[in-house]
Amino acid sequence: MTKTVKDIDEFNAYFRQSTTHPLVSVGDLSKVDLSIFEPQDFNMYCVVLMDGDFGIFTRDGKKIKYSEATLFTFKPGQVVALELDYKAHPRGWILAFRQELLVKTGLGRDFYMFNFFSYDLLEALTLSPMERSIILNCYANIYAELHTPADNLTGHMLRLGIGQLLSYCKRFYERQYFTQVGGFSNLLQRLDLLIDNYLSSGLPEQKGQPTVAWCAEQFNLSPNYFGDVVKRELHITALEYVQGKIIDAAKTLLRETNMSVSEISEQLGFTYSNHFTRLFHKKVGYSPSRYRKVTARK
């Protein structure tokens, strides 16, 4: 049965600590009531540093056996749990903050950058020793602010501390990704080849156009993770990139074959020819027929 953490007071009760702020808390996992690891929706944003291997982490039904110094994130609505290894004692830290902390604040304005809350569970962040030290320092700073007498800067300082922690998470996620795939240039080369081969294989007529989700799956990434990498490096969305590859293939077919616009549309995986024509005009500035005439004169 899934439980729900109603508020920060209930969250703090698991750690046997008093509440010092209604929207933010930091908990020490070495002091936690083990019932916290039963399936539940924390109903808030959480960043968890597992500073030891003491079980199998589950989020929304997916499981992962993690190593020491692994960082997980989850958000309201996600059900998380831990199948405890009772031979090992929990160690680590958890930051929890409610959505209200983001309303009409700088942290809320910039929160779109922290899309890793939607990354797949298998994309959990494994920290290097130096990264672990930095993250622990961020937890310590937020914890210290929570236990400093409140004044008119308390909310501001907490949001700054949370923003710093999340920004470091963003940086370390990017480092981890490029370590795994050998850099963005390698990804782009593989992605170009992947889409080109798909578009020329005859599969679009059977299965439709390549999608962002399909591309991400080929690299064992979540669509959000994949989309973040593409947008940061190319300054366009992953969808725009994929559509650009489709349009490039369409241009080649228009220039080098006598296929009709309808036939090209079908070969590239469009269900309706007018959808292809509309996208082509949007991207190129000409209709496919007009483009064929213009390029034929050159």
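As a reminder, the structure under discussion sits directly above these lines.
Treat the numbers as computed from the prediction; the structure is a model and nothing was measured.

Enquirer: Give me unusual backbone geometry: which residues, what numbers.
Expert: Positive phi, normally seen in glycine, also occurs at Asn43, with a value near 60°. Unusually for a residue other than glycine, Lys104 sits at a positive phi of about 55°. Here Lys104 lies in the loop between strand 9 (92-97) and helix 2 (106-109).

Enquirer: Break down the environment of Glu233 for me, citing the residues and quoting the values.
Expert: Along the polypeptide, Glu233 turns up in helix 8 (residues 223-234). For Glu233, a relative accessible area of 33% corresponds to the partly exposed category. Through-space distance from the C-alpha of Glu233 to that of Leu188 is 9.8 Å; in sequence the pair is 45 residues apart.

Enquirer: Can you break down the pairing of strand 7 (residues 70-74) residue by residue, with the values?
Expert: Extensive coverage of strand 7 is indicated by the burial of five of its five residues. Going residue by residue along strand 7, you find Thr70, Phe72 and Phe74 tucked away on one face and Leu71 and Thr73 tucked away on the opposite face as well. Examined bridge by bridge, strand 4 (residues 45-50) and strand 7 share five bridges and lie antiparallel to one another. The partner of Met50 across the bridge, within strand 7, is Thr70. The pairing of strand 7 with strand 10 (residues 125-126) spans two bridges and is antiparallel.

Enquirer: Which residues make up helix 9 (residues 238-256), and what values go with them?
Expert: Taking 1.5 Å per residue, 19 residues should reach 27 Å; helix 9 reaches 27 Å between its end C-alpha atoms and fits that length. Residues of helix 9 that are buried: Ala238, Tyr241, Val242, Gln243, Lys245, Ile246, Ile247, Ala249, Ala250, Leu253 and Leu254.

Enquirer: Outline the packing of aromatic side chains, supporting the account with residue identities and numerical values.
Expert: Throughout the structure, instances matching the rule amount to 28 aromatic pairs. Ring geometry for Phe11 versus Phe15: centroids 5.0 Å apart, planes at 40°, classification tilted. Each member of the pair Phe11 and Phe15 is classed as buried. Between Tyr45 and Phe117, the ring centres sit 5.1 Å apart and the planes meet at 70°, which makes this aromatic pair edge-to-face. Of this pair, Tyr45 sits in strand 4 while Phe117 sits in the loop between helix 2 and strand 10, and the two are 72 residues apart along the sequence. The pair Tyr45 / Phe117 is uniform in exposure class, with both members buried. Chaining the aromatic ring pairs together yields one cluster made of Phe11, Phe15, Phe37, Phe42, Phe54, Phe57, Tyr66, Phe72 and Phe74.

What counts, and at which threshold
Residues numbered from 1 in each chain as written. Predicted model: local features only at pLDDT ≥ 70, side-chain atom pairs only at ≥ 80, totals over all residues. Heavy atoms only, no water. Helix = DSSP H or I, 4+ residues; strand = E, 2+ residues; numbered from the N terminus. Buried < 20%, exposed > 50% of the residue type's maximum accessible area, 1.4 Å probe, protein only. Pairing = 2+ DSSP bridges. Expected span 1.5 Å × (residues − 1). Phe/Tyr/Trp six-rings, centres within 6.5 Å; stacked < 30°, edge-to-face > 60°.

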